[in-house]
Amino acid sequence: MIRIPRITQAFPVDRRTLIKSAGFAAAGFAAFPLAGCKAQDASMLDSTDGSNLLAIPPLQRGEIEQGARVFRLSLTPGQKEFVPGVASPTIGIDAPYLGPTLEMRRGEWVQFHIDNKLAEGATVHWHGFELPAAADGGPHQLIRPGERWSPSFEVRQRASLYWCHSHLEREAGPQVYAGLAAPIFVRDDEEERLDLPSDYGVDDIPLIVQDRVIDGSGRLVYPLSMHTRMMGVRGSRIFVNGTENAVFDAQTGQLRLRILNGSNARLYDFSLEGDRSMQLIASDGGLLDRSHIVRSVRLAPGERAQVIIDLSEGRPLRLLASSPENAMDMMGGRGMMGGGMMGRGNSGDASADVFQILDIRPASSAQRIRVPTQLASLAPPDLSSAVRTRRFVLDMGMMGGGMSINGAAMDMDVINERVPVGQWEIWEIANASMMAHPFHIHNVQFRVIDRDGRAPPPLETSLKDTVIVNPREQVRLLLRFEEHTDPDLPYMYHCHILEHEDAGMMGQFVVVKS
């Protein structure tokens, strides 16, 4: 199996020196390099207070060729200065770190040509899309070094924020951490008729929120230990679109923030300083039926939310995020919101802290614009349409040593479920462990029915592809796979804490003809 290059020192070494990977069973702290290197300019610093202007990923719309929208992309090694003057090896998509925002429209046919210029194998998964299994970009669609992968599919999704990222077998965590991820904007006529903020980079802004571990020398490190295997890798430094201490100079009276939790393991509760309200308008798979006034939004890894911020008064605002500790009370731990044994580990974790995500500086006051009352037409989930119920139990074993779903760890050679195409089903996701797990299903946008019999919160009333399942909780989902059958090539369902996915909390299913 192709492994990402790694080192065992926490200080710079020759980037061409490759050390064979250690297994997840290694105890103690290890720092791992994350890709080959090319130079990248340092972030633009605001000399007055040390803040950084928010980096906006460049917008890439591809080219229209023979009726299809065609994207030509490269997975490339790079370098990024997470600390000014100190370069760390990274991975990017047409960039040293992360990638451009890919824009496409619902109903279009898209074609990708992706060249792997890395020294190791990689995959590119289209998170949130319904598409043929051969185009899914899961661990079965390996792109070897020097090879090109050319998937194509129809864009079936509603307008929303989606993303692509590595899904390499047992190596998704290190590669996403290194930067192999990028946002995707899907547009459609239904949303455009609402006249919501949609001027990219001006009043419509993607925020890829990631936590990272930076060592004493200023280098990015990927810590590997028994603790991070169990809890996931969580760093104490926050980067938004790769920018630390980010500032955005707004020119409009409203700002639409499309927030992606792109972290490997950390959950966030996003809010505005001073308990100011936000208008929640969309979730993973598109608009809600109506906007909701909220004061916080919780996102687990892989989840997205869209909020509109009112800047009409011309006053600066600060977007914050607290991070609930993700563990039940055990062996001296203090639970989901406390400190205790599950709090700070050798990953540089900072679970009890409140993080500064983005400072927003309006240019001046402006007229307040009302968000339409009705956003999307969404019928309530119809349980009478379901013809089968499947149950999936997430567990971690003793001290995280047995990541599993329904008692089985991920096996590339085993198909765990065969699901008839076009059939409505209820999937019960039960969490038998002491941690919350974000559960992601490929090739579908589902509806959340309930949580232990309780109605879902506003964020979960629209289409979803990733859902938090809290400890000892059961979440019920209504879903169907509308097309794209393949009896042999599977899709995945898994925990989106990437270290859990890599350790085996993942299963495979095929969609078959009825």
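None of these values were measured; they are calculated from a predicted model. What you see as residue numbers is a count from 1 along each chain, following the sequence as written. With pLDDT at 70 or above as the cut-off, local features in this predicted model cover only qualifying residues; side-chain atom pairs require 80 or more to be listed or tallied, and sums for whole chains, interfaces and linings still use all residues. Hydrogens are left out, water is left out, and the side-chain values use all remaining heavy atoms of the structure.

*Asks:* Even after reading the chapter, I still don't get the overall build of the protein, so can you show me in this structure?
*Replies:* Here a strand is any run of E in DSSP of at least two residues, a helix any run of H or I of at least four, and the numbering for each starts at the N terminus. Looking only at helices and strands, one finds four helices and 34 strands in the protein. Counting only residues that meet the buried cut, the protein has 61% of its 514 residues in that class. Contact between two residues is taken to exist if any of their heavy atoms lie within 4.5 Å; hydrogens are not considered. For the protein, the proportion of contacts with a sequence separation of at least 24, taken over those separated by at least 6, is 78%. Reported accessibility uses the Shrake-Rupley method at a 1.4 Å probe radius. Residues are deemed covered only where the shown protein chains occlude them. Carbon and sulfur atoms provide 48% of the accessible area of the protein, an area that totals close to 19000 Å². Exposed residues in this analysis have more than 50% of their type's maximum accessible area, buried residues have under 20%, and partly exposed residues fall in between, with area computed by a 1.4 Å probe over protein chains only.

*Asks:* Could you clarify how one ought to interpret the pairing of strand 33 (residues 491-495) in this entry?
*Replies:* Across a regular strand the side chains alternate sides, sitting on one face of the sheet and then on the other. Judged by how many residues are buried, strand 33 sits mostly within the fold: five of five residues are covered. Paired strands, as defined in this entry, are two strands with at least two bridges between them according to DSSP. Relative to strand 33, strand 29 (residues 437-441) runs antiparallel, the two sharing three bridges. Bridge pairing in strand 33 places Ile441 opposite Tyr493. Where strand 33 lies against strand 34 (residues 506-512), four bridges are found, and the strand directions are antiparallel. Each bridged residue has a counterpart across the sheet, and for Met492 the counterpart in strand 34 is Gln508.

*Asks:* Honestly, the pattern of salt bridges in this entry has me stumped. Any pointers?
*Replies:* Oppositely charged side chains may form a pair once their charged atoms are brought near each other. Whenever Lys or Arg places a side-chain nitrogen within 4 Å of a carboxyl oxygen from Asp or Glu, that contact is recorded as a salt bridge. Enumeration over the complete set of coordinates arrives at 35 salt bridges. Residues Glu244 and Arg237 are paired through a salt bridge, measuring 2.5 Å at the closest nitrogen-oxygen approach. By relative accessible area, Arg237 is classed as partly exposed at 27%. Put simply, Asp269 and Arg298 hold a salt bridge, and the shortest N to O gap is 2.6 Å. In this pair, Asp269 is assigned in strand 18 (residues 268-272) and Arg298 in strand 21 (residues 297-299), connecting sequence segments 29 residues apart. You can call Arg298 partly exposed: its relative accessible area is 32%. Residues joined by salt bridges that share partners form a network here, namely Arg61, Glu103, Arg187, Glu191, Asp204, Arg256 and Arg258.

*Asks:* How should the sheet that holds strand 6 (residues 101-105) be read in this particular structure?
*Replies:* Two strands in a sheet stick together by hydrogen bonds in their backbones, pointing the same way (parallel) or opposite ways (antiparallel). Taken together, the five strands give an open sheet; going across it, the order is 2-6-12-11-8, and neighbouring strands pair in mixed fashion. On the outer flanks of this sheet lie strand 2 (59-60) and strand 8 (125-127), each paired with one strand and no other. Across four bridges, strand 6 lies against strand 12 (residues 181-187) in parallel orientation. Bridge pairing in strand 12 links Arg105 to Arg187.

*Asks:* What is the right way to look at the environment of Ile64 in this model?
*Replies:* Residue position: Ile64 is located in strand 3 (residues 63-65). Residue Ile64 is classed as exposed on the basis of its relative accessible area, which comes to 54%. Linking Ile64 and Val110, residues 46 residues apart in sequence, is a C-alpha distance of 9.1 Å.

*Asks:* How should I be thinking about the sheet that holds strand 30 (residues 447-451) in this particular structure?
*Replies:* Taken together, five strands build an open sheet; the order of strands is 26-25-28-32-30 and the sheet is mixed. Lying at the two open borders of the sheet, with one neighbouring strand each, are strand 26 (404-405) and strand 30. Sheet analysis places strand 25 (residues 388-395) next to strand 28 (residues 425-431), joined by seven bridges and oriented parallel. Bridging from a neighbouring strand, Phe392 pairs with Ile429 of strand 28.

*Asks:* Help me out: how do you make sense of the packing of aromatic side chains in this one?
*Replies:* In this description, a pair of aromatic rings is defined by centroid distance and the angle of the planes. Aromatic rings from Phe, Tyr and Trp, with only the six-membered ring used for Trp, were paired whenever their centres fell within 6.5 Å, and each pair was classed as stacked if the ring planes differed by under 30 degrees, edge-to-face if by over 60, and tilted otherwise. Within the structure shown, the criterion is met by 21 aromatic pairs. Note on Phe392 and Phe439: the rings are 6.3 Å apart at their centroids and 40 degrees apart in plane angle, and the pair reads as tilted. A residue pair is termed long-range when its members are at least 10 positions apart, and Phe392 in strand 25 and Phe439 in strand 29 qualify at 47 residues. Both residues of the pair, Phe392 and Phe439, count as buried. A cation sits over an aromatic face here: Lys80 above Phe82, 5.3 Å from the ring centre. Remark: a charge is flagged as sitting over a ring if the NZ atom of Lys or the CZ atom of Arg is within 6 Å of the ring centre and within 35 degrees of the ring normal. The ring of Phe185 has Arg258 lying over it, and the distance from NZ or CZ to the ring centre is 4.0 Å.

*Asks:* Can you walk me through the nonpolar core in this structure?
*Replies:* One recurring pattern in soluble globular proteins is that nonpolar side chains are buried together. We call a set of buried Ala, Val, Leu, Ile, Met, Phe, Trp, Tyr and Cys residues a nonpolar core when their side-chain atoms join them within 4.5 Å. Grouped together as the largest cluster of nonpolar side chains are 35 residues, with contacts concentrated most on Trp427, Phe439, Ile441 and Phe481. For this core, the elements supplying multiple residues, two or more each, are helix 3 (226-231), strand 25, strand 28, strand 29, strand 31 (466-469), strand 32 (474-479), strand 33 and strand 34. Those residues in contact with Ile441 that sit more than four places away from it in its chain are Trp427, Phe446, Asp465, Leu477, Leu479, Phe481, Met492, Tyr493 and Phe509.

*Asks:* Please explain the pairing of strand 17 (residues 254-261) as it appears in this structure.
*Replies:* Among the eight residues in strand 17, eight count as buried, and that is most of the element. Residue alternation in strand 17 divides its side chains into two sets, Gln254, Arg256, Arg258 and Leu260 and Leu255, Leu257, Ile259 and Asn261, and both sets are buried. Bridge count between strand 13 (residues 204-214) and strand 17: six bridges; the pairing is parallel. Following the sheet pairing, Leu207 is matched in strand 17 by Ile259. Strand direction decides the pairing type here: strand 17 and strand 22 (residues 304-310), joined by seven bridges, are antiparallel. From the neighbouring strand, Arg256 faces strand 22, where its bridge partner is Ile308.

*Asks:* Please clarify how unusual backbone geometry should be interpreted in this entry.
*Replies:* Most peptide bonds adopt trans geometry, and most residues besides glycine take a negative phi value. Of note in this structure, Asn241 is not a glycine but carries a positive phi near 55 degrees. Mapping Asn241 onto the fold places it in the loop between strand 15 (237-240) and strand 16 (246-250). Positive phi, normally seen in glycine, also occurs at Asn443, with a value near 70 degrees. Within the element layout of this structure, Asn443 appears in the loop between strand 29 and strand 30.

*Asks:* I would appreciate a short explanation of empty space enclosed by the protein in the present structure.
*Replies:* Method remark: on a 1 Å grid restricted to protein atoms, a set of points is classed as a cavity if a 1.4 Å probe fits but cannot get out and as a pocket if it is open with protein on both sides within 12 Å along at least five of seven lines; lining residues have an atom within 4 Å of a point. Grid points are joined across faces, edges and corners, and a volume is the space filled by probe spheres set on the points. This model, assessed by the stated rule, comprises two cavities of 30 Å³ or more. Of the pockets and cavities examined, the largest cavity occupies roughly 50 Å³. Forming the boundary of the largest cavity are Arg158, Ala159, Asp188, Glu190, Glu191, Gly286, Leu287 and Ala376. Elements that contribute at least two residues to the lining of the largest cavity include exactly helix 2 (189-192) and strand 20 (286-294). When residues are grouped by polarity, Ala, Val, Leu, Ile, Met, Phe, Trp, Tyr, Cys and Pro land in nonpolar, Asp, Glu, Lys and Arg in charged, and all others, Gly among them, in polar. Residues that form the lining of the largest cavity fall into these classes: three nonpolar, one polar and four charged. Approximately 30 Å³ is the volume found for the second largest cavity. Around the second largest cavity, the lining residues are Glu169, Arg170, Met410, Glu501, Asp502, Gly504 and Met506. In terms of residue class, the lining of the second largest cavity is made up of two nonpolar, one polar and four charged.

In short, geometric facts, not functional conclusions.
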